[in-house]
Amino acid sequence: MNQRSAVAVLGLGAMGHAFAANLLKNGFVTSGWNRTSARGEDLQSAGLRLAETPEQAVKEADVVISMLANAEITEEVLQKTLSGLKQGAILVQMGTIGVEATEKLLATLHEKRPDVIFLDAPVSGTKAPAENAQILVLASGDREKAQAVEPVFAAISKGVKWLGAAGAASRMKLVVNAWLISMVQGLAESTQMAEEFGFTPDEFWDVLDGGPLAVPYAKAKLGMIKEGSYEPQMHLTWALKDARLALAAAKESRLPGLTTIAELWQQAVDAGYGEKDLSVIYRYLQENR
């Protein structure tokens, strides 16, 4: 497979749109589909073949990327496209759909399309890194059979971590997001306490800066808190979804902190904060003392 191979992107939300844009920049023949077709119209001038149905999008694709909102939508869309996939196509599931849904998808493919090469490949990164091809792909599956996907990953990411058999990447993604969610909650609480004690977010960061706790992601979220602007890089509602997936998958781990955060974030989503960036939990805490 060369850089002119055909790639289909199913789901043109923030992440899928960025993937399609970067694939086009790198010379890939790219088709795309989204339930709301307007999401891809701005890429048509760059060469995106905007399909009316997912079946149409995958018809000639050598590589199919699925980046859909949740497990239910992913299953629904992929069920529609399975019979239309090219012989030996590579199907790359990149959304965070959890362990159970990934295993179900694996079983379906084994039964209905054993010729299709399946990669479980969620990503670490949000909207801005995706737009700049700076996400990290967490990939699992038969790497040897899927070597042809390497140029695709190179076009949309800064690197790939291969983690073993398909399913492993979805497990690691839940580990990573559980840590991220816990970090954002801790940052929101610590910032609130700092302000009570008379310190600004800038002063809080100045103490962290240069030391082992100076995580760039935390700096970005502190900037959002300082400005009071929560343009979503990762929606609170999607972060809550990931917390729920992690809690459901971790059968033997004791996770009281994540459980409490999920309950609190559900309250925030119910109160109307769900479409903001997950760092908006700071504002929710401030407004609901």
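All of the points below concern the structure found in this document.

**Some words on the nonpolar core**
Turning to step 1, where the next piece is worked out: Core analysis: the largest hydrophobic core is formed by 34 residues, its most contacted members being Phe-19, Leu-23, Ile-65, Val-92, Met-94, Val-149 and Phe-153.
Turning to step 2, where the next piece is worked out: In terms of residue count, the dominant contributor to this core is helix H1 (residues 14-25) (7 residues).
Turning to step 3, where the next piece is worked out: One finds Ala-178, Ile-225, Tyr-230 and Tyr-273 within the second-largest nonpolar core, a separate group that totals 29 residues.

**Focus on helix H8 (residues 168-196)**
Turning to step 1, where the next piece is worked out: Look at H8: 43 Å from first C-alpha to last across 29 residues, which is about the 42 Å you get at 1.5 Å a residue.
Turning to step 2, where the next piece is worked out: Downstream of H8 by one or two residues, Gly-198 has phi in the positive range, about 95°.

**Brief notes about the side chain of Ser-157**
Turning to step 1, where the next piece is worked out: On the secondary structure map, Ser-157 appears in strand S9 (residues 157-162).
Turning to step 2, where the next piece is worked out: Here Ser-157 falls in the buried class, since its relative accessible area comes to 9%.
Turning to step 3, where the next piece is worked out: A polar atom in the side chain of Ser-157 sits 2.7 Å from the backbone oxygen of Phe-153.
Turning to step 4, where the next piece is worked out: Only 3.3 Å separates the side chain of Ser-157 from the backbone oxygen of Gly-159, close enough to count as a polar contact.
Turning to step 5, where the next piece is worked out: What Ser-157 contacts, discounting residues up to four positions off in sequence, is Ala-133, Ile-135 and Val-137.

**What to know about the side chain of Asn-70**
Turning to step 1, where the next piece is worked out: Its place among the elements puts Asn-70 in the loop between strand S4 (63-66) and helix H4 (71-81).
Turning to step 2, where the next piece is worked out: Judged by relative accessible area, which is 19%, Asn-70 ranks as buried.
Turning to step 3, where the next piece is worked out: At 3.2 Å, the side chain of Asn-70 and the backbone nitrogen of Glu-72 are in polar contact.
Turning to step 4, where the next piece is worked out: At 2.9 Å, the side chain of Asn-70 forms a polar contact with the backbone nitrogen of Ile-73.

Definitions and limits used
Residues numbered from 1 in each chain as written. Predicted model: local features only at pLDDT ≥ 70, side-chain atom pairs only at ≥ 80, totals over all residues. Heavy atoms only, no water. Core = buried A, V, L, I, M, F, W, Y, C linked by side-chain atoms within 4.5 Å. Buried < 20%, exposed > 50% of the residue type's maximum accessible area, 1.4 Å probe, protein only. Helix = DSSP H or I, 4+ residues; strand = E, 2+ residues; numbered from the N terminus. Expected span 1.5 Å × (residues − 1). Polar contact = N/O pair within 3.5 Å; in protein donor to acceptor, adjacent residues only side chain to side chain. Contact = heavy atoms within 4.5 Å.

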